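Spelled out, the chains give:
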Amino acid sequence: MKAYFDNSATTRCLPEATELMVHLLQEEYGNPSSLHTMGSNAEKYITEAKKKIAKTLKAQEKEIIFTSGGTESDNLAILGAVEANKRAGNHLITTAVEHAAVSATMAHLEELGYEVTYLPVDETGVISLDDLKAALREDTILVSIMAVNNEMGALEPIEEAGKVIKEFNPSIVYHVDAIQGYGKIQIIPKKMNIDLLSVSGHKIHGPKGVGFLYIKERTKIRPIIFGGGHQKGMRSGTENVPAVAALGVAAERIYENLEEKREYLYGLRDYFVEEVTKIPGVSVNGRTGRQIAPHIVSVSIKGVRAEVILHTLEEKDIYVSAGSACSSNKPAISKTLKAIHLDQNLLDSTVRFSFSTENTMEEIDYALEIMRSVIPMLQKYTRR
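Parameters at a glance
- Residues numbered from 1 in each chain as written.
- Predicted model: local features only at pLDDT ≥ 70, side-chain atom pairs only at ≥ 80, totals over all residues.
- Heavy atoms only, no water.
- Helix = DSSP H or I, 4+ residues; strand = E, 2+ residues; numbered from the N terminus.
- Rg over C-alpha atoms; globule rule 2.2 N^0.38 Å.
- Buried < 20%, exposed > 50% of the residue type's maximum accessible area, 1.4 Å probe, protein only.
- Axes fitted to C-alpha atoms, helices over the stretch in contact; angles between N-to-C directions.
- Parallel < 35°, antiparallel > 145°, perpendicular 65-115°, else oblique.
- Left-handed = near helix turned anticlockwise from the far one by under 90°.
- Contact = heavy atoms within 4.5 Å.
- Nonpolar A, V, L, I, M, F, W, Y, C, P; charged D, E, K, R; others polar.
- Core = buried A, V, L, I, M, F, W, Y, C linked by side-chain atoms within 4.5 Å.
- Phe/Tyr/Trp six-rings, centres within 6.5 Å; stacked < 30°, edge-to-face > 60°.
- Lys NZ or Arg CZ within 6 Å of the ring centre and 35° of its normal.
- Salt bridge = Lys/Arg side-chain N within 4 Å of Asp/Glu carboxyl O.
- Pairing = 2+ DSSP bridges.

1. Let's talk about the overall build of the chain
Piece 1. Regarding its fold elements, the chain presents 11 helices and 12 strands.
Piece 2. A compact globule built from 384 residues would reach a C-alpha radius of gyration of about 21 Å, and the chain, at 21 Å, matches this within 12%.
Piece 3. Counting only C-alpha atoms, the chain reaches 65 × 55 × 35 Å along its principal axes.
Piece 4. The proportion of buried residues among the 384 residues of the chain is 56%.

Shown next as structure tokens:
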């Protein structure tokens, strides 16, 4: 049996999304900027994708900008907003547990002279609204907070944070990295005071190499890619029509029967957590129940290095990850795990299981069976 539990790294592309991509690559392959019929037909697919995505957010079609993926969406949101608002101040706020697409961008801005406040998190990976309130200043121009932590599944209070930010100063731009949250939780940007929202296609059963950035109407932001003025000048470059169209399909599908899908994922997660923690030396990080995202489980295995358990499971066709798959192809000590003050002995002994609705209880049972067998054996070789 094969059990793929690395869905936070990437998901299998939906068959209907794949079929549409192939059709557009082979048949209706016009450039959407061309004035002839093939060009206008291609443009219609982009318009249709915008409609589908905007509907999931209760947003306007003109508020959706297509990008090459989550990293570009985060970079455009942060760099573009900072550039447009730099006269108002040079202070930025984010969290200590952001994905590298945000944290590395913030580090770059620090090198340029901007001041960044990194909000700490508690032992479950969640920020404090009191810390956010205390960090806000007159010269704060941007706050960036992820919706769901990619390593632990921590649900950040993005709606409450939006209220705090806008009550302090409505001009502060509020960005949410929703790459792990979109399609798992309901996100209504206008209701949540979100100005910018980043999403990646391959996390929601769409293709790799495509994503979008929601930009609330009248938000002050400038482009970071220049050229032919595509997408109203906000993101130049010929649109990847096949991938964009497939993303529209994936976005529409992921929000169909959302609550039913969430409950299914919570069922998988709850059962897995209950059973895996019965194995001696195994613990799960973060909150439980419905106070955490339904699809991510951070598992620490005392005495076994993450890389060892990862490859041991891989030999049995069970696929998990160590930390964030986007940071490197080699496991490194996670800054998220450091931020929650995880026991020093568990920092390099933690792996991530991430589920999708394609996973089954049989796959969970298979993984548990293998783990019950191999973990005690691996723990015998604990480093002294």
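2. Thoughts on the packing of helix 1 (residues 15-26) against helix 7 (residues 241-254)
Piece 1. For the pair helix 1 and helix 7, interaxial distance at closest approach is 8 Å and the crossing angle is 160 degrees. On the basis of their axis angle, the class for helix 1 and helix 7 is roughly antiparallel. Viewed along their axes, helix 1 and helix 7 form a crossing whose handedness is right-handed. Of the residues in helix 7, those touching helix 1 at E16, A17, L20, M21, L24 and L25 are V241, P242, A243, A245, A246, V249 and R253.
Piece 2. Residues of the contact of helix 1 with helix 7, tallied by class, amount to 11 nonpolar, no polar and 2 charged.

3. Some words on the nonpolar core
A general feature of soluble globular proteins is that nonpolar side chains tend to end up buried together.
Piece 1. With 67 residues, the main nonpolar core has F66, L132, V143, Y174, Y182, L197 and F212 as its most contacted residues.
Piece 2. Residues F272, V276, V282 and V351 belong to the second largest nonpolar core, which totals 32 residues.

4. Comments concerning the packing of aromatic side chains
Piece 1. Scanning the entire structure with this criterion turns up 6 aromatic pairs.
Piece 2. Ring geometry for Y182 against Y255: centres 4.9 Å apart, planes inclined by 70 degrees, an arrangement best described as edge-to-face. Taken together, the residues span a long stretch of sequence, with Y182 in the loop between strand 6 (173-177) and strand 7 (196-200) and Y255 in the loop between helix 7 and helix 8 (258-276) at a distance of 73 residues. By the burial criterion, Y182 is buried, and Y255 matches it.
Piece 3. Chaining the aromatic ring pairs together yields one cluster made of F5, F272, F353 and F355.
Piece 4. Cation over ring: R290 sits above Y266, and NZ or CZ is 4.2 Å from the ring centre.

5. Details of the pattern of salt bridges
Piece 1. Applying the stated criterion across every chain yields a total of 21 salt bridges.
Piece 2. The shortest N-O distance in the salt bridge between R235 and E72 comes to 2.7 Å. Placement of R235 in the loop between strand 8 (211-215) and helix 7 and of E72 in helix 3 (residues 70-85) is noted, with a sequence separation of 163 residues between them. The residues R235 and E72 share a single accessibility class, namely buried.
Piece 3. Its salt-bridge partner being E256, residue R253 comes within 3.5 Å of it at the nearest N-O pair.
Piece 4. For R253, a relative accessible area of 27% gives the class partly exposed.

6. Some remarks on the packing of helix 2 (residues 37-57) against helix 7
Piece 1. One can describe the packing of helix 2 onto helix 7 by two numbers: an axis separation of 8 Å at closest approach and a directional angle of 30 degrees. Judged on the interaxial angle alone, helix 7 and helix 2 are roughly parallel. Seen along the crossing, helix 2 lies across helix 7 with a hand that is left-handed. Together, A42, Y45, I46, A49, K52, I53 and T56 of helix 2 and V241, V244, A245, L247, G248, V249, A251 and E252 of helix 7 make up the contact between the two elements.
Piece 2. The class makeup of the residues in the contact of helix 2 with helix 7 is 11 nonpolar, 2 polar and 2 charged.

7. Topic: the sheet that holds strand 3 (residues 91-95)
Piece 1. Read from one edge of the open sheet, 7 strands run 2-8-7-6-5-3-4, paired in mixed fashion. The open sheet has two edge strands, strand 2 (64-67) and strand 4 (115-119), and neither has a second partner. For this sheet, the mean inter-axis angle between neighbouring strands, taken without regard to orientation, is 20 degrees.
Piece 2. Relative to strand 2, helix 2 is tilted by about 115 degrees, and along the sheet it contacts strand 2, strand 7 and strand 8.
Piece 3. Running over the sheet, helix 4 (residues 100-111) touches strand 3, strand 4, strand 5 (140-146) and strand 6 and is turned about 145 degrees from strand 4.

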